[in-house]
Amino acid sequence: MELRDIEIFLTLAEELHFGRTAERLRISQARVSQSIKQQERRIGGVLFERTSRSVRLTPLGDRLRARLDAGYREINAGLDEATAVAQGHAGTLTVGAFDTHHQDVAAVLDLFRQRHPRCELRLREVLPSDPFGGLRAGRVDVGLLWLPVREPDLVVGLELFTERLVLAVSPGHPLAGRDRVDMEDLGDYSVVYPDGPIPDYVWEAHTPSVTPTGRPIRRGIAVATLAEAFTAVAAGDVISPIGLDSAASRLRRDIVFLPITDGPILRYAPVWRSGGETPLVRAFLQAAADTQKTT
């Protein structure tokens, strides 16, 4: 029995009307009758009782319908899944971001999931001290990273969101009693710096090497993670600019966060490997672009 004949049989078993079955399958009514007759000859039994007023399944037809229905649905599901994979809309997409920034692109993630329910979307944390490591190792397909990114093997997409910086200091620090600070204040104290392969030009966008008047900003303790940075700041040894989102999610008694009046604005965009623009990556970028249009 051909797959099309199974479809005709199951549709007629549901509609119990030759005309509606033909219309639904976009074939002629004669084709429906011919298919059913061929199936009955092949099986050697009557599948439908036909009168001038009605069409009914025979006990044999009802039994055949019950056995074929599950298998037909499974076959169609397998074909749909194979088509989705071939078109790049199934599989796994891993998105990397700094700490709490998955919240900043929640709308993008939701839209992507709605459009591609067969795709498994995985989220991984990217360390600020090593923003490109996950991409280059293949652990991350798309990274949501702060700009600039000037790497020959990486491609940068459209800006998605921005983030202000605040200054993290210990409660006993001389700046702790202030309502706000400016970047010139950083020239009087040591700041944390990243212990990792982050390029200097990328870190410069977060914590400049000099103040607006050209005074050097001293490097203090090297840290690999945000947790290490907070530990060093709480001890009173150093201060550090921190993204506002990270600060807001980690209110602590041993750290004071101060607005920076003239601090850098971090700009974030999707970044991916130049040889790794898969259909799923393109689908994610499209979801990001469409989300930006509605905000």
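What you see is a predicted model; the values in this text were computed from it and never measured. (Residues numbered from 1 in each chain as written. Predicted model: local features only at pLDDT ≥ 70, side-chain atom pairs only at ≥ 80, totals over all residues. Heavy atoms only, no water.)

Caption draft 1: Geometry of a nonpolar patch on the surface. On the surface, L3, I75 and L79 cluster together to form a nonpolar patch covering roughly 240 Å² of accessible area. The exposure class of L79 is partly exposed, given its relative accessible area of 44%. (Patch = residues over 30% accessible without salt bridge, like charges linked within 9 Å, V, L, I, M, F, W, Y side chains within 5 Å. Areas by Shrake-Rupley, 256 points an atom, 1.4 Å probe, with all protein chains shown as cover. Salt bridge = Lys/Arg side-chain N within 4 Å of Asp/Glu carboxyl O. Buried < 20%, exposed > 50% of the residue type's maximum accessible area, 1.4 Å probe, protein only.)

Caption draft 2: A look at unusual backbone geometry. At the junction of L147 and P148, the peptide bond is cis and its omega measures out at 5° in the coordinates. Position of P148 among the secondary structure elements: in the loop between strand 5 (142–146) and strand 6 (154–156). If you check the backbone angles, L16 has positive phi at about 55° while not being a glycine. The partly exposed category is assigned to L16, whose relative accessible area is 33%. For R26, which is not a glycine, the phi torsion comes out positive at approximately 60°. Following the sequence through the fold, R26 ends up in the loop between helix 2 (18–25) and helix 3 (29–43). When its relative accessible area of 79% is taken as the criterion, R26 is described as exposed. (Helix = DSSP H or I, 4+ residues; strand = E, 2+ residues; numbered from the N terminus.)

Caption draft 3: Geometry of the nonpolar core. One finds L93, F112, W146, L167 and F284 to be the most contacted residues of the largest nonpolar core, which totals 51 residues. Elements with a minimum of two residues in this core: strand 3 (91–97), helix 5 (106–115), strand 4 (119–125), strand 5, strand 7 (161–169), helix 7 (200–206), strand 12 (265–273) and helix 10 (279–293). Per-element accounting of this core gives the leading share, seven residues, to helix 10. Not counting residues within four places of it along the chain, the set of residues in contact with F284 comprises L93, V95, V108, L109, F112, V142 and L144. With 17 residues, the next largest nonpolar core counts F9, L10, A13 and F48 among its residues. (Core = buried A, V, L, I, M, F, W, Y, C linked by side-chain atoms within 4.5 Å. Contact = heavy atoms within 4.5 Å.)

Caption draft 4: Expanded view of the packing of aromatic side chains. All chains considered together, the criterion is met by seven aromatic pairs. Where W146 meets W203, the ring centres are 6.3 Å apart and the plane angle is 45°; that geometry is what we call tilted. Taken together, the residues W146 in strand 5 and W203 in helix 7 connect sequence positions 57 residues apart. On the accessibility criterion, W203 (11% relative accessible area) is buried. One aromatic cluster in this structure is built from F98, W146, F161, W203 and Y268. (Phe/Tyr/Trp six-rings, centres within 6.5 Å; stacked < 30°, edge-to-face > 60°.)

Such coordinate-based values are descriptive only and should not be taken to indicate function.
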